[in-house]
Amino acid sequence: MGGVDYPLSKPTKSRSRGQLSRAEIKAYEARRAAQRSQSPVSAAHVSSTEGTTRARRARSLSREEEFAIIKADMKRLVVILAILLVILVAVTIVLR
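The structure displayed is predicted, hence computed values, not measured ones.

Draft legend 1. Main features of the pattern of salt bridges. Enumeration according to the criterion identifies one salt bridge in this entry. The shortest N-O distance in the salt bridge between Arg76 and Asp73 comes to 2.9 Å. Here Asp73 and Arg76 lie together in helix α3 (residues 63–95), a separation of three residues that amounts to about one turn. Relative accessible area serves as the criterion here: at 31%, Asp73 is assigned to the partly exposed category.

So this is what it looks like as structure tokens:
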């Protein structure tokens, strides 16, 4: 009743169109770092860093390879589902 009137949110500063927030700058820097890590690496750089770190190279899969991976994953999920169903039925019978 009577009470103090607290504002629901802090007033925000208006930004000009060219100014970016810290979150936007961090996201931009993360994208740039990801792009740099995916770019081709020079042979001299690879040989100098071979012992400490290995350069990862993105490899695109063919459509058939992608479907083979998906099919294997689906088979694995069906096996897991069957095992869980058997366990559920067994526990139901035991606890009845």
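Draft legend 2. Quick peek at the confidence of the model for the protein chain. Across the protein chain, the average pLDDT comes to 77, with 61% of residues at or above 70. Across the protein chain, the element-wise mean pLDDT spans from 52 in helix α2 (residues 43–49) up to 96 in α3.

Draft legend 3. Representation of a nonpolar patch on the surface in the model. Judged by side-chain polarity, Phe67, Ile70, Met74, Leu77, Val79, Ile80, Ile83, Leu84, Ile87, Val91, Val94 and Leu95 come together as a nonpolar surface patch covering roughly 1,200 Å² of accessible area. Following the sequence through the fold, Ile83 ends up in helix α3. Residue Ile83 is classed as partly exposed on the basis of its relative accessible area of 49%.

Reading the values: the criteria
Residues numbered from 1 in each chain as written. Predicted model: local features only at pLDDT ≥ 70, side-chain atom pairs only at ≥ 80, totals over all residues. Heavy atoms only, no water. Salt bridge = Lys/Arg side-chain N within 4 Å of Asp/Glu carboxyl O. Helix = DSSP H or I, 4+ residues; strand = E, 2+ residues; numbered from the N terminus. Buried < 20%, exposed > 50% of the residue type's maximum accessible area, 1.4 Å probe, protein only. pLDDT = per-residue confidence, 0-100. Patch = residues over 30% accessible without salt bridge, like charges linked within 9 Å, V, L, I, M, F, W, Y side chains within 5 Å. Areas by Shrake-Rupley, 256 points an atom, 1.4 Å probe, with all protein chains shown as cover.

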